[in-house]
Amino acid sequence: MVTDLSAAGPADSSSAEAGAADSALATARTQLERAAREIDLDDDILTRLRQPGRMHEVTIPIEMDDGHVEVFSCFRVQHDNVRGPYKGGLRYSPDLTKEESVALAMTMSWKSALMDLPFGGAKGGVRVNPKELSPAERERLTRRFTHELRNVIGPMRDIPAPDMGTDPQTMAWIMDAYSMMTDESQPGVVTGKPRAIGGSPGRQAAPGRSAAVITREVLAYYDRSVEGTTVAVQGFGSVGGHAARLLNDWGATIVAVSDVHGAIYDPNGLPVADIPLHDEEPEAVKGYDDAGVTRMSNDELLTLDVDVLIPAAVGNVITEFNADDVAADLVVEGANGPTTSTADLILAERDTPVIPDILANAGGVTVSYFEWLQDINRRSWSLERVHKELETEMQAAWANVLQEYEEREVTWREAAYVVGLSRVAEAHEQRGLWP
Ligand code: NAD
């Protein structure tokens, strides 16, 4: 059964992970408040936007392959849908908490609005280490979770997508289960699906592509070119790997990449096109066999003296404890929430520009929107069209952010939040409060 916790007030913070999760939520709320002050947001709207609209929490019993039963905690947080259906990823992670899901759902609301997409913000998933499940167990868990969410997701309600620990196959199971339950073929209920069932070309590489496009634009703004720029990328997955490869194609030197086990570094540049991405071979960075590279920790990668640092793995990696050691000239956030709000202040004081996640990795939700359009219109786009339209959308968002940045003399993050939050606030004002 789905428990609707929307009336329960602030998210529960009594869990074991509360320390880390609270900081993600505290960061999200601080960022909201900074932007709210900047646009003089109505207090009543701010009060509403500090909380998610709805939180669904279920515990799911699953029979494991050996016959015993395990129970999993699952969440779907729906933050705001004033501009369109809720939209956001589903994570399978042992560290998943309600609090972090609230923070990430909130961020999705601003991201969708910044990109001017007709979507709101949501996030959620299952507290589980997916590596410890067999494919059959993952499938049973996913189908059962979909069953529990059947009344709260849908192509016009809430459209999940892959995130950490989930993939196109997970989306295919959700689409299939939802379609069976509604007795209709419903490809638009999820994005990030395999191509054979309505997935879009270019979806998987899209957040990395947008991070590369935005890096190129920001470098040009600071009168620098991609050619010869040195880049360190934390996380060699969908976001980091694709960003690294594209920037490398455009002439950048990728000096360091990492996975969960650590980083490899070569000041002359790594052949990133030849290193398999996380979804192709999860241990490829760890197993990279070249005596010429130096091995270092993920923490050391973050402090390398490079032109551009792209944290593209997990949240909360640049904090008050290491922000002073970040030596890059520019930080482009590939992951969601890699910089805490205190670290943000430290980097701003040091004049290190931080290009926020809601702009840099927004290619993911943008191509998800293209996928949803293709699904509900029963039309398929070419990869060339996806790339062209993504470039157009990223240029438009960049132009909007740049305008606010220059007019208001704020940080890049505040400028991006101003664009997104203003659109959400305007929609709330126009729609009003009912009853
Ligand atoms: P992924 O699973 O494809 O790759 C993640 C990479 O990070 C892997 O190389 C993994 O080994 C590494 N990693 C995992 N935990 C780590 C840790 N603690 N320290 C260092 N490295 C670690 O994931 P992804 O889809 O590229 O997502 C990465 C980030 O980008 C997440 O914050 C995600 O929410 C965000 N994001 C993803 C998308 C998308 O569509 N995939 C879109 C927008 C934002």
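Scroll up for the structure.
Residues numbered from 1 in each chain as written. Predicted model: local features only at pLDDT ≥ 70, side-chain atom pairs only at ≥ 80, totals over all residues. Heavy atoms only, no water.

Before going further, it helps to spend a moment on the packing of helix α12 (residues 383–408) against helix α13 (residues 412–431). Where α12 meets α13, the closest approach of the two axes is 8 Å, and the angle between their N-to-C directions is 115°. Judged by the inter-axis angle, α12 sits roughly perpendicular to α13. The crossing of α12 and α13 is right-handed. Across from Trp-398, Asn-400, Val-401, Leu-402, Glu-404, Tyr-405 and Arg-408 in α12, the residues of α13 making contact are Trp-412, Ala-415, Ala-416, Val-418, Val-419 and Arg-423. By residue class, the composition of the contact of α12 with α13 is nine nonpolar, one polar and three charged. (Axes fitted to C-alpha atoms, helices over the stretch in contact; angles between N-to-C directions. Helix = DSSP H or I, 4+ residues; strand = E, 2+ residues; numbered from the N terminus. Parallel < 35°, antiparallel > 145°, perpendicular 65-115°, else oblique. Left-handed = near helix turned anticlockwise from the far one by under 90°. Contact = heavy atoms within 4.5 Å. Nonpolar A, V, L, I, M, F, W, Y, C, P; charged D, E, K, R; others polar.)

Within the element layout of this structure, Pro-162 appears in strand β6 (residues 158–162). A sequence separation of 238 residues divides Pro-162 from Asn-400, and the C-alpha atoms of the two residues are 28 Å apart. Excluding its chain neighbours within four sequence positions, the residues that come into contact with Pro-162 are Gly-89, Leu-90, Asp-167, Met-171, Thr-191, Gly-192 and Arg-203.

Let us look at unusual backbone geometry. Glycine aside, a negative phi is what most residues show, and trans is what most peptide bonds show. Positive phi is not limited to glycine here, since Asn-316 has a value of about 55°. One can find Asn-316 in the loop between β11 (308–311) and β12 (330–332). Backbone geometry at Asp-351 places phi at a positive 60°, although glycine is not the residue there. Position of Asp-351 relative to the elements: it lies in the loop between α9 (341–349) and β13 (354–355).

The next point concerns the environment of Leu-402. Tracing the backbone through its elements, the reader meets Leu-402 in helix α12. Look at Leu-402 and you get buried, because its relative accessible area is 18%. The residues touching Leu-402, leaving out its near neighbours within four places in the chain, are Tyr-221 and Trp-412. (Buried < 20%, exposed > 50% of the residue type's maximum accessible area, 1.4 Å probe, protein only.)

Here Thr-319 shows up in the loop between β11 and β12. If we ignore the near neighbours within four places in the chain, the residues touching Thr-319 are Thr-340 and Ala-343.

Looking now at the site of the ligand. Taken together, 22 residues lie near the ligand, and Arg-91, Ser-238, Val-239, Val-260 and Asn-336 sit nearest. One nitrogen or oxygen atom from the main chain of Phe-236 is found 3.1 Å from an oxygen atom belonging to the ligand. At 3.0 Å from an oxygen atom of the ligand is found a main-chain nitrogen or oxygen belonging to Ser-238. When isolated, the ligand has an accessible area of 830 Å², and the protein chains bury 85% of it. Contributing elements (two or more residues each) for the shell around the ligand: α7 (238–249) and β8 (253–259). (Near = heavy atom within 4 Å. Polar contact = N/O pair within 3.5 Å; in protein donor to acceptor, adjacent residues only side chain to side chain. Areas by Shrake-Rupley, 256 points an atom, 1.4 Å probe, with all protein chains shown as cover.)

Function cannot be inferred from these measures alone, as they are strictly geometric.
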